[in-house]
Amino acid sequence: VCVGNGIKGAESLGRYRRLAELLGGKLACTRPVFDRGLLPFKLAIGQSGVVVKPKLYLCFGVSGAVNHVTGVSAELFVAVISDPYAQNFNFCNYGVIGNMYVICDYIIAELLKRKGAAQE
């Protein structure tokens, strides 16, 4: 789960950490998020960060600048961003246009609902 410059601040990171945990993954960021001091450099993905090859790459508020996308080689790439013209939509398998906070919270709720149903 990667967060981009669309994130408002550090207080918003908890929901994305939770989503990553529920999916069995890790939280990552784009270079601008690191530059703002919200997450450490070791979590930055892209040309100036690390290259990742996950089964699922789910990013929120990431515009899709080529220097970020070159660091991603995922089996399934899903982008969530409010800008319908974001470059990320040229690279992802699925794109969701909408509020990144609302969509993240919705995915978390659905995962928890399914997890609860599976335990019954």
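Criteria and thresholds
Residues numbered from 1 in each chain as written. Predicted model: local features only at pLDDT ≥ 70, side-chain atom pairs only at ≥ 80, totals over all residues. Heavy atoms only, no water. Helix = DSSP H or I, 4+ residues; strand = E, 2+ residues; numbered from the N terminus. Contact = heavy atoms within 4.5 Å. Disulfide = S-S within 2.5 Å. Core = buried A, V, L, I, M, F, W, Y, C linked by side-chain atoms within 4.5 Å. Buried < 20%, exposed > 50% of the residue type's maximum accessible area, 1.4 Å probe, protein only. Pairing = 2+ DSSP bridges. Axes fitted to C-alpha atoms, helices over the stretch in contact; angles between N-to-C directions. Salt bridge = Lys/Arg side-chain N within 4 Å of Asp/Glu carboxyl O.

Undergrad: So what about the side chain of Thr-30? Which residues, and what values?
TA: Mapped onto the elements of the fold, Thr-30 is located in the loop between β2 (28-29) and α2 (31-35). Residues in contact with Thr-30, not counting those within four places in the same chain, are Cys-2, Val-3, Gly-4, Asn-5, Ile-45, Val-62 and His-68.

Undergrad: So what's going on with the state of the cysteines? Which residues, and what values?
TA: Evaluated as defined, the whole model comprises zero disulfides. There is no disulfide at Cys-29, and the cysteine sulfur nearest it, in Cys-2, is 6.4 Å away. Cys-59 carries a free sulfur, and the closest cysteine sulfur to it, the one in Cys-2, is 6.3 Å from it.

Undergrad: Would you mind going over the nonpolar core in detail, with residue names and values included?
TA: Ranked by size, the top nonpolar core spans 23 residues in total, and within it Val-3, Ile-7, Tyr-16 and Phe-60 carry the most contacts. Of all the secondary-structure elements, those providing two or more residues to this core are α1 (13-23), β3 (56-60), β4 (76-81) and α4 (100-119). Setting aside residues no more than four positions away along its own chain, Ile-7 makes contact with Ser-12, Leu-13, Tyr-16, Val-33, Arg-36, Leu-38, Met-100 and Tyr-101. Core analysis: the second largest hydrophobic core is formed by 10 residues, Ile-45, Val-72, Phe-77 and Ala-79 among them.

Undergrad: A description of the sheet that holds β3 should follow, citing residues and the corresponding values.
TA: Ordered by their spatial adjacency, five strands build an open sheet running β2-β1-β3-β4-β5, and the pairing between neighbours is parallel. Edge positions in the sheet fall to β2 and β5 (94-97), since each of these pairs with one other strand and no more. Pairing of strand β1 (residues 2-3) with β2 involves two bridges; the strand directions are parallel. Bridged to Cys-2 within β2 is Ala-28. This element, α1, spans β1 and β3 of the sheet and lies at about 170° to β3.

Undergrad: Residues and numbers for the pattern of salt bridges, please.
TA: Throughout the structure, instances matching the rule amount to five salt bridges. Between Asp-35 and Arg-31 there is a salt bridge, with its nearest N and O atoms 3.0 Å apart. Taken together, the residues Asp-35 and Arg-31, both in helix α2 and four residues apart, mark about one turn of the helix. Given a relative accessible area of 35%, Arg-31 falls into the partly exposed group. The partner of Lys-113 in a salt bridge is Glu-110, and the shortest N-O contact between them spans 2.9 Å. With Lys-113 and Glu-110 both in helix α4 and three residues apart, this pair spans about one turn of that helix.

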